[in-house]
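Topology and contacts: notes
Here is what each chain is made of, one letter per residue.
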Amino acid sequence: MSLREPQSVNDIRTAIRELSTRADLARREGRSADAAELDQRIKNYRDELGARP
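Attention in this report is confined to the structure presented alongside it. Source: prediction; values computed, not measured. Within any chain, residue numbers begin from 1 and follow the written order of that chain's sequence. Per-residue local features of the predicted model are confined to residues with pLDDT of at least 70, and side-chain atom pairs are confined, for both listing and counting, to 80 or more; whole-chain, interface and lining totals are unaffected and use all residues. With hydrogens and water set aside, each side-chain value is computed from the structure's full complement of heavy atoms.

**Looking at the overall build of the chain**
Numbering of helices and strands runs from the N terminus; a helix is a DSSP stretch of H or I covering at least four residues, while a strand is a stretch of E covering at least two. Scanning the chain from N- to C-terminus turns up two helices and zero strands. Contact criterion: two residues are considered in contact whenever any of their non-hydrogen atoms come within 4.5 Å of each other. In the chain, once contacts between residues fewer than 6 apart in sequence are set aside, the share between residues at least 24 apart is 60%. Residue burial considers only the protein chains on display, and all accessible areas are found by Shrake-Rupley using a 1.4 Å probe. As displayed, the chain offers around 4,100 Å² of accessible surface, 50% of which is attributable to carbon and sulfur atoms.

Encoded structure:
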């Protein structure tokens, strides 16, 4: 991951929700590569959440 300012847990959860919606839309529109990229970003955010106390 790139260097950036820490994000709050609520910001991360909001990002996961938004990205999940976009990934679902991409899948419905047949843009599987875009959906896969968004799914990877979601995974990274979930990993970051899991690493927090």
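What follows picks up the thread again.
**Observations concerning the nonpolar core**
Note on terminology: a nonpolar core comprises buried Ala, Val, Leu, Ile, Met, Phe, Trp, Tyr and Cys residues joined through side-chain atoms within 4.5 Å. Between buried and exposed lies partly exposed: a residue is buried under 20% and exposed over 50% of the maximum accessible area for its type, with that area taken using a 1.4 Å probe on protein chains only. Counting eight residues, the largest nonpolar core is built from Ile12, Ala15, Ile16, Leu19, Ala23, Leu38, Ile42 and Tyr45. If one sorts the elements of this core by residue count, helix H1 (residues 9-28) sits on top with five residues. Leave out the neighbours within four places in its chain, and Leu38 touches Leu19, Arg22 and Ala23.

**Considering H1**
A helix's residues, less one, multiplied by 1.5 Å, set its expected span. A rise of 1.5 Å per residue sets the reference length of H1, with its 20 residues, at 28 Å; its end C-alpha atoms lie 29 Å apart and thus fit the reference within 8%. For H1, the set of buried residues is Ile12, Ala15, Ile16, Leu19, Ala23 and Ala26. For H1, the angular spread of buried residues about the axis comes to 105°, placing them on one side. Pointing more than 90 degrees away from the buried face of H1 are the exposed residues Asn10, Arg17, Thr21 and Arg28. Where H1 is buried, its residues touch helix H2 (32-50). Once H1 ends, the next one or two residues include Gly30, with phi positive near 80°. Each C-beta atom gives one direction from the helix axis, and the arc is the one those directions make.

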